[in-house]
Amino acid sequence: MVSEMIHTDVSTPVRVEPKPNVGPSSELSMIRQNSDGRTLDEIRPEIIGENKGYGVVRLTVQYDQIRDRLSITVHEARGLKNIDPKGMIDPYARVYLHPDEKQKLKRKTKIVKNSINPKWQETFDYSMTQQEALTRTLVVNLKDERGFFEKPDTKFLGEVVIKLKSVPHINYPFTRWFYLQTLNSCANILAGPGN
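A brief look at the structure comes next. (Residues numbered from 1 in each chain as written. Predicted model: local features only at pLDDT ≥ 70, side-chain atom pairs only at ≥ 80, totals over all residues. Heavy atoms only, no water.)

**So, the overall build of the chain**
Point 1. Secondary structure summary: the chain contains three helices and 11 strands in total.
Point 2. Tracing the chain from N to C terminus, the helices and strands come up as β-β-α-α-β-β-β-β-β-β-α-β-β-β.
Point 3. Taking all 195 residues of the chain together, the buried fraction comes to 37%.
Point 4. Put simply, 63% of the contacts in the chain that link residues at least 6 apart link residues at least 24 apart.
Point 5. Surface summary for the chain: the accessible area is close to 12,100 Å², and the carbon and sulfur share equals 52%. (Helix = DSSP H or I, 4+ residues; strand = E, 2+ residues; numbered from the N terminus. Buried < 20%, exposed > 50% of the residue type's maximum accessible area, 1.4 Å probe, protein only. Contact = heavy atoms within 4.5 Å. Areas by Shrake-Rupley, 256 points an atom, 1.4 Å probe, with all protein chains shown as cover.)

Right under this line is the structure:
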């Protein structure tokens with residue numbers, strides 16, 4: 001068996017043994033999982049939070065010092081629970097920055113019809129100083145657009161709460177997947193490596 005040399009730096013060569021043949025069925029399943037063109041690492045990245053079975057959401061947080069602006073991007077969600085007994089859910093995201101007594105900082109994404117894997121790619125900008133941004137807590141609440149007469153709690157799909165002071169290097173895009181949590185249960189989730 002031949003191994004190849006990989007040099008990570010000039011002083012320490014590292015030997016890497018070839019991987020054993022995993023067989024066609026394993027390769028086929030990897031292709032199926034990667035049918036949208038993304039790598040397996042992009043499909044199954046490190047996800048922050050505890051898996052409660054509500055699905056995941058991908059968010060980006062960044063503060064722009066030149067424009068004194070906080071940007072929150074809601075990219076997509078995956079594996080949402082279908083709570084609609086009559087068909088598929090129509091999810092949307094509500095974005096809040098707390099404290100916000102008058103709810104002037106509340107935003108909403110568009111509604112994606114009939115999907116448990118919605119894609120929004122919507123960015124919300126908030127004009128504020130970096131110091132002010134670091135005192136805020138970001139809440140992203142996913143809901144199902146249902147009938148006007150439905151109870152509000154029946155529309156809930158999951159939420160993520162992030163204390164912005166815990167976001168490492170907020171001046172650079174911080175993009176992560178987060179497990180959705182039950183309503184009001186995740187006030188102490190910190191956005192950071194290993195949390």
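**A word on the sheet that holds strand S8 (residues 119-127)**
Point 1. Read from one edge of the open sheet, five strands run S3-S11-S4-S5-S8, paired in mixed fashion. Looking at the sheet topology across the chains shown, the edges are occupied by strand S3 (47-48) and S8.
Point 2. As paired strands, strand S4 (residues 56-64) and strand S11 (residues 174-179) are joined by six bridges and run antiparallel to one another. Among the inter-strand pairings, arginine 58 is bridged to a residue of S11, identified as tryptophan 177. (Pairing = 2+ DSSP bridges.)

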